[in-house]
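Each chain, letter by letter, is given below.
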Amino acid sequence: MSNKIKVLIVDDSALVRQTLSDILSSDPGIEVIGMAQDPIVAVQKIAEQVPDVITLDVEMPRMDGITFLQKLMSQHPIPVVMCSSLAESGSETALKALEYGAVDIITKPKMGTKQFIEESRIRICDSIKAAAAARLKPIRAIREVSPKYTADVIMEAPNAKAMIMTTEKVVVVGASTGGTEALSIFLQMLPEDTPGIVIVQHMPENFTAAFAKRLDSICRVTVKEAENNDSVVRGHVLIAPGNRHTLLKRSGARYYVEVKEGPLVSRHRPSVDVLFRSAARYAGKNAVGVIMTGMGDDGAHGMKELHDAGARTIAQDEASCVVFGMPNEAIKLGGVDKIMPLDRIATETLKLCL
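Residues numbered from 1 in each chain as written. Predicted model: local features only at pLDDT ≥ 70, side-chain atom pairs only at ≥ 80, totals over all residues. Heavy atoms only, no water.

J.: Is there a simple way to explain the overall build of the protein in this structure?
T.: Per the secondary structure count, the protein includes 11 helices and 14 strands. Long-range pairs, those at least 24 residues apart, make up 74% of the contacts in the protein with a sequence separation of at least 6. (Helix = DSSP H or I, 4+ residues; strand = E, 2+ residues; numbered from the N terminus. Contact = heavy atoms within 4.5 Å.)

The following block contains the structure:
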């Protein structure tokens, strides 16, 4: 029992509390130690037993989740995963929570098809494990009880005939836990004429548009949520939409993206592995791949394929990562050319694009 990740669920909906509890309790590495209908009750629960991770709703009586998050982080920091609805009106608020110290965002589970419920379970449990890892607590290895698909289910592996060298470069980036802040730092350091960039950041559906809008307001490059057939051009950054895979494609001299449905790949949709594999296939030596902070191994195999196709690759170093999972797995596979701190990645990316 001592090896399990202890979770406190804070949500004003009894149905959501019970549903989250059932989902989390289904994982052998997670233990729900309490539930609270608002932050006031949560404080009492924390006094009795300190959890490893808290799931926190945004809108609650007596005290809203954002105010509680700020107080918690200033007085008794505990990894927090925000639990929000899919409503677009709440996206900006939930994203603000990431700025205040929340580790991740998950969407409130809804009843639906068996596949939907299972995919929700995977995403929610993985978010809890990532939050616990961000606190640098040892996590007992968990046996995976659900299928883990590779990028093979979306497209075949690149062959030896990768795209020949051209003068136009394209940058592909993958990130997960801690990535919202890492991407903000990275993109703000880029000039207006930066080569086209496509990014997969693990994030729920309907939150990526608000995330892209926020980045667009603080960066010199133009940032938007990717739409099918969007061109990848200089000075523009495309963020893969939540719950859709995003692939890099090429027609003649034009790079563009394909946004499509499909199963979870490396336990995610969108998947970094899918983006990186498509870049290996259609850009090859013209690509620069960057893998940032995140739990798990999504992107590791895709980065190796990028590297083998002649692309230059960069991994964020352990010291600057919130979770050194994805970069570490890519490094271990031999797909990384350079390992560096976050504040140097933008400059190095531009050098590799020359």
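J.: What's the story with the sheet that holds strand E14 (residues 338-340) in this structure? I'm lost.
T.: Backbone-to-backbone hydrogen bonds pair the strands of a sheet. The strands run either parallel or antiparallel. A sheet is described by the order of its strands in space; here seven strands give the open sequence E8-E9-E7-E6-E12-E13-E14, paired in parallel fashion. The open sheet terminates on both sides in strands that have one partner only, identified here as strand E8 (222-225) and E14. Here the average twist between neighbouring strands, direction ignored, is 20 degrees. Sheet topology note: the strand E6 (residues 170-175)/strand E12 (residues 287-291) ladder contains five bridges and is parallel. Among the inter-strand pairings, Val172 is bridged to a residue of E12, identified as Gly289. Relative to E8, helix H7 (residues 208-218) is tilted by about 175 degrees, and along the sheet it contacts strand E7 (197-201), E8 and strand E9 (236-239). Sitting on the sheet, helix H11 (residues 342-352) touches E6, E12, strand E13 (312-316) and E14, and the angle it makes with E13 is about 175 degrees. (Pairing = 2+ DSSP bridges. Axes fitted to C-alpha atoms, helices over the stretch in contact; angles between N-to-C directions.)

J.: What exactly am I supposed to notice about the layout of surface pockets here?
T.: One way to see where empty space is left: roll a probe the size of a water molecule over the atoms. The calculated volume of the second largest pocket comes to roughly 240 Å³. If you list the elements that add at least two residues to the lining of the second largest pocket, you get helix H4 (91-99) and helix H6 (179-188). Top element by residues in the lining of the second largest pocket is H6. It accounts for three residues. A class-by-class count of the residues in the lining of the second largest pocket yields six nonpolar, six polar and two charged. (1 Å grid on protein atoms, 1.4 Å probe; cavity = no way out; pocket = protein on both sides within 12 Å on 5 of 7 lines; lining within 4 Å. Points joined across faces, edges and corners; volume = space filled by probe spheres on them. Nonpolar A, V, L, I, M, F, W, Y, C, P; charged D, E, K, R; others polar.)

J.: What should I look at first to understand the sheet that holds strand E5 (residues 104-107) in this one?
T.: Taking strand neighbours across the sheet as the criterion, the five strands line up as E2-E1-E3-E4-E5 in an open arrangement whose pairing is parallel. The open sheet is flanked by strand E2 (30-36) and E5, the only strands paired with a single partner. Strand-to-strand twist across the sheet, computed as the mean angle between neighbouring axes with direction ignored, equals 25 degrees. Bridge count between strand E3 (residues 53-57) and strand E4 (residues 80-84): four bridges; the pairing is parallel. Residue pairing across strands places Leu56 opposite Met82, the latter belonging to E4. Taken strand by strand, helix H2 (residues 39-48) contacts strand E1 (5-10), E2 and E3, and its axis lies near 155 degrees from that of E1. On the sheet, H4 packs against E4 and E5 and is oriented at approximately 150 degrees with respect to E5.

J.: In this structure, what is going on with helix H8 (residues 272-282)? I would like to understand it.
T.: In an α-helix, one turn spans 3.6 residues; hence positions three or four apart end up facing the same way. Most of H8 is tucked away, with nine of its 11 residues classed as buried. Three or more residues of H8 are buried, namely Val272, Asp273, Val274, Leu275, Phe276, Arg277, Ser278, Ala279 and Ala280. The backbone nitrogen of Asp273 has a side-chain oxygen 3.1 Å away, supplied by the residue at the start of H8, namely Ser271. Of the residues one or two after H8, Gly284 is the one with positive phi, at around 55 degrees. (Buried < 20%, exposed > 50% of the residue type's maximum accessible area, 1.4 Å probe, protein only. Polar contact = N/O pair within 3.5 Å; in protein donor to acceptor, adjacent residues only side chain to side chain.)

J.: I tried to follow the pairing of E12 on my own but got confused; where do I start?
T.: Along any regular strand, the residues point their side chains to alternate faces of the sheet. Among the five residues of E12, five are classified as buried, and the element is accordingly described as predominantly covered. Neither face of E12 is left uncovered, since the one carrying Ala287, Gly289 and Ile291 and the one carrying Val288 and Val290 both have all their residues buried. In the sheet, E12 pairs with E13 via four bridges, with the strands oriented parallel. Among the inter-strand pairings, Ile291 is bridged to a residue of E13, identified as Ala315. For the crossover that starts at E12, traverses helix H9 (residues 300-308) and ends in the parallel E13, the hand is right-handed. (Right-handed = clockwise from strand over helix to strand, strands pointing away.)

J.: How should I be thinking about unusual backbone geometry in this particular structure?
T.: Residues apart from glycine generally show negative phi values, whereas peptide bonds are mostly found in trans. Residues Arg269 and Pro270 are joined by a peptide bond in cis, for which omega reads 10 degrees. Residue position: Pro270 is located in the loop between strand E11 (254-260) and H8. In this structure, Asn206 takes a positive phi of about 80 degrees despite not being glycine. Owing to a relative accessible area of 30%, Asn206 belongs among the partly exposed residues under this scheme. One non-glycine residue with positive phi stands out, namely Arg267, at about 75 degrees.

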